[in-house]
Amino acid sequence: MKLYLSVIGIAMAVVAALNLIFEVAPWYYVIAAVIWCTALQFALDGLLAIIIRITPDRYFGADDPHFAVSESAQALYKRLRVSRWKDSVLELGGLGGFSKKSLKEPTNPKYIEKFIIECNKGVVTHRLSYPIGFLAMLTVDGICAFTVALPIAVVNVFLNVLPTLVLRYNTPPLQKLLSRMNKKLSAAADASARN
């Protein structure tokens, strides 16, 4: 959380300072625009998270091909060394009732399936946040749409790309684990039926 708040705070300070140095607008408008655009990013991201949270799980199924992670994507995540920095990325799923910070029930197939669904919901939320953040540009007058709202929207994209990468990185191992569990349960059920 400290890392994210630091990035946001530094971005706000840099955007405000550059706009004040180059006298893009009156100082009070620059400060108000920086605060407004940042607050709007939080509000839009939060609204998206709420909408996705209340959307039924069936649209984010663990075996839904729309959420499949290709081998080339998995290779990219390895090249980006996601495994090294993924624990530093902010995870706010616990606010919605399901934390994805760690596996609490690694032997429960229902829990693993729910974990995958929550990862898929997170991916959709973060991906929708990329373009939605640029709506702030419509709410600021003149050049500040480009000198204030645009840079803040870009920071918002960056801060949403990171968790997207982590969620997509974590999904294939969870799917393999779920598949193994389901095969064991199916074999146990077959053996029980034969007896």
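Provided above is the structure to which this section pertains.
Values in this document were obtained by computation on a predicted structure and should not be read as measured data.

Draft legend 1. Up close: the side chain of N160. Tracing the sequence through the fold places N160 in helix α6 (residues 144-194). Exposure remark for N160: the relative accessible area of 5% places this residue in the buried category. With residues near it in sequence (within four places) discarded, N160 still touches D45, H126, S129 and Y130.

Draft legend 2. Expanded view of helix α2 (residues 27-54). With 28 residues, α2 extends 41 Å from end C-alpha to end C-alpha; this agrees with the ideal 40 Å at 1.5 Å per step. Among all positions in α2, only V30, A33, V34, C37, T38, L40, Q41, L44, D45, L48 and I52 are buried. Tucked into the core, α2 has its buried residues touching α1 (2-21), α5 (109-132) and α6.

Draft legend 3. Region of interest: unusual backbone geometry. The phi dihedral of E23 is positive, around 50°, even though this residue is not glycine. Here E23 lies in the loop between α1 and α2. Even without glycine at this site, R81 takes up a positive phi of about 55°. Position of R81 among the secondary structure elements: in the loop between α3 (71-79) and α4 (82-85).

Parameters at a glance
Residues numbered from 1 in each chain as written. Predicted model: local features only at pLDDT ≥ 70, side-chain atom pairs only at ≥ 80, totals over all residues. Heavy atoms only, no water. Helix = DSSP H or I, 4+ residues; strand = E, 2+ residues; numbered from the N terminus. Buried < 20%, exposed > 50% of the residue type's maximum accessible area, 1.4 Å probe, protein only. Contact = heavy atoms within 4.5 Å. Expected span 1.5 Å × (residues − 1).

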